[in-house]
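Overview (structure and organization)
Read off the chains here:
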Amino acid sequence: MLAVLAGFALRVYGIWEVGLSHFDEGIYAISGLWPWTDRFEANQGFYSPPIHPINVGLAMLALGGPSDTAVLLPSLLFGTLLIPLVWWIGRSWWEPRIGVLAAWLVAVDGLQVSFSRTGLTDPTFTFAALLALYLCRWALDANPAKGLGPTLFRVLIAGSAIGVAWNVKYNGLLPVVLSFGFIPGEHWKRRAVSLALIALFATATYLPWAAMFHVEHGYGSLMEHQRGYVQGLAAIPRNLLAASHGIRSLALAWPPLVIVVAGVGLPLISGSWRSTLPWGVLVGGLAALALAWVPTVTLVVLACVGIWGMATRLDRIAFCWIQVLILIIPSLYTPYLRLWLPTDALHMLLAAVGFVHIVDTLPTRFAAPRNRLAASLATGIGGVASLLALVVALSTSFLPERAVGYRSAARSMASALKDSNRAPVGLVRPPLVFYLALDGMSVGRLAGESLGAISGNQWLLVDRAVEDSPDFERELQARVGVSLREVETFPVEPSHITRLDDVPFAGSSEESIDYDVHVYEPAAGGR
């Protein structure tokens, strides 16, 4: 399938040059060393359930040892597998044309491509969540005339799939909540019971990890930690705008071009292209221009059109429920852009439904011979809009970024400090700890309250992305209790995704965050 190959090519482009810079990437990288350490990073459970770090460790084994590229492989794999999954869902729930268009949109979407090149959990979770949602509907649609056995089999499969998603990310019950939309209609009581059993099986799949976490940390501490990210209903408008800005900043040039091609291609394969092609060009051009300019709004509008044009009232109810929830749920949380990956993938599906609906229905209103002038105008306007979309698209990149993260800084630091007898400790991000460990240098990570323990035979490493105070150096001196002399500064090249995620905590614009790592030593002369 060409969409899979194109999507894989974009995701794998320069992947060996991409490094780690996100805080969570470092946690998963350190936990991914479990084949050699027999354990996860101490606080791993607060960041995700076990499946993703297990996958990272397996990737390291597959590549012959620990490396930052191995940390990216699970996201690369599942981000690519999302493309055929979306194709299958589109053709199964609607028709082949929708599946193909949705697959192409996911394949070249900047948000999906960018996160598929990170070491984060979200591409894996997006794949698992969409697969679980598909299996939930498959289970709820089981024919009761075939007996209880086949129905229970489907329920068990769907519940296990949701349990897997839950073991990837703590919002793994999302497919269950979305599947409430599939309950209304005939046999709704049976469907409700089936969904309850699905949730029960999912819980049984998740419970072993929950029990392990409870023994080690207490499950209440995890709930408290997760509640700290919930901002409530009042934050929804602000977080929607933040997500729209972030998605636009990661956009690639390809999606508008896909829409232009779809606007021409759909009429050509319809068998009546002479009467439908002008309207396909018009719809494709205008949709491509809007997608290049305001991608999130365009996808939402096309999704709403798709829902409105669905064949049955029950389908409209189900997908209206899904559409509302996938916008509201991620907006309740701290505006991490990665939370929008499942929303984005589902929007691609629904937007494909809407686009095909418009291209199919619009010509029936203007196909009479007396509307030839209208057809000519449609072709002209569509052509101009397509050209404008191309101009806007050309202002964005055709290829994803290749930020090296902490890799270069860590290598330079290890080289500069390796001959010293001093032990490095510091306020640093986990990616730096991981990279230094690869170079044979163990770094003790400090909390702010433990800075007073710095001694004369230690280097103090300070990652300014961790300590981003305007009076940073003065506060550091006061907290350490000894005079410090800065030895060297090592520049870091964080990814754009890292910058976007850090904005909520930085209290400033993403451009103003200082990611450099500063190395200090206690100055001669004491306190």
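Structure report, in brief. Keep in mind it's a predicted model, so treat the numbers as computed, not measured. (Residues numbered from 1 in each chain as written. Predicted model: local features only at pLDDT ≥ 70, side-chain atom pairs only at ≥ 80, totals over all residues. Heavy atoms only, no water.)

Before going further, it helps to examine the overall build of the protein. On a plain count of helices and strands, the protein comes out with 23 helices and 5 strands. Against the 2.2 N^0.38 benchmark of 24 Å for 527 residues, the protein shows a C-alpha radius of gyration of 26 Å, consistent with a compact globule. Projected onto the principal axes, the alpha-carbon positions of the protein cover approximately 95 × 55 × 45 Å. Counting across all 527 residues of the protein, residues that qualify as buried make up 52%. Accessible surface, the protein as shown: approximately 22600 Å² in total, 65% of it carbon and sulfur. Mean positive and mean negative side-chain charge positions of the protein (35 and 36 charges, respectively) differ by 13 Å. (Helix = DSSP H or I, 4+ residues; strand = E, 2+ residues; numbered from the N terminus. Rg over C-alpha atoms; globule rule 2.2 N^0.38 Å. Buried < 20%, exposed > 50% of the residue type's maximum accessible area, 1.4 Å probe, protein only. Areas by Shrake-Rupley, 256 points an atom, 1.4 Å probe, with all protein chains shown as cover. Lys, Arg positive; Asp, Glu negative; His and termini not counted. Charge placed at Lys NZ, Arg CZ, Asp CG, Glu CD.)

On to the pattern of salt bridges, then. Within the structure shown, the criterion is met by 13 salt bridges. Between Asp24 and Arg338 there is a salt bridge, and its shortest N-O distance comes to 3.3 Å. Of this pair, Asp24 sits in helix α2 (residues 23-31) while Arg338 sits in the loop between α17 (313-331) and α18 (341-365), placing them 314 residues apart in sequence. By relative accessible area, which is 10% here, Asp24 ends up buried. Between Arg338 and Asp501 there is a salt bridge, with the nearest N and O atoms lying 2.0 Å from each other. In this pair, Arg338 is assigned in the loop between α17 and α18 and Asp501 in helix α23 (residues 496-506), connecting sequence segments 163 residues apart. The exposure class assigned to Asp501 is buried, which follows from its relative accessible area of 2%. Taken together, the shared-partner salt bridges in this structure form one network comprising Asp24, Asp122, Lys169, Arg338 and Asp501. (Salt bridge = Lys/Arg side-chain N within 4 Å of Asp/Glu carboxyl O.)

Here we take up a nonpolar patch on the surface. On the surface, a cluster of nonpolar side chains totalling about 450 Å² of accessible area is made up of Leu148, Leu152, Val193, Leu197 and Leu200. Sorting the residues of the nonpolar patch by element identifies α9 (148-166) and α11 (188-216) as the ones contributing at least two each. The greatest single-element share of the nonpolar patch, amounting to 3 residues, is contributed by α11. In this fold, Leu200 is placed in helix α11. (Patch = residues over 30% accessible without salt bridge, like charges linked within 9 Å, V, L, I, M, F, W, Y side chains within 5 Å.)

Here we take up the layout of surface pockets. In this structure, the second largest pocket encloses a volume near 300 Å³. Surrounding the second largest pocket, 15 residues form its lining, Ile30, Leu33, Arg39, Glu41 and Val433 being those nearest its centre. Elements that contribute at least two residues to the lining of the second largest pocket include exactly α2 and α21 (430-438). Class assignment for the residues of the lining of the second largest pocket results in 9 nonpolar, 3 polar and 3 charged. (1 Å grid on protein atoms, 1.4 Å probe; cavity = no way out; pocket = protein on both sides within 12 Å on 5 of 7 lines; lining within 4 Å. Points joined across faces, edges and corners; volume = space filled by probe spheres on them. Nonpolar A, V, L, I, M, F, W, Y, C, P; charged D, E, K, R; others polar.)

These figures capture arrangement, not role.
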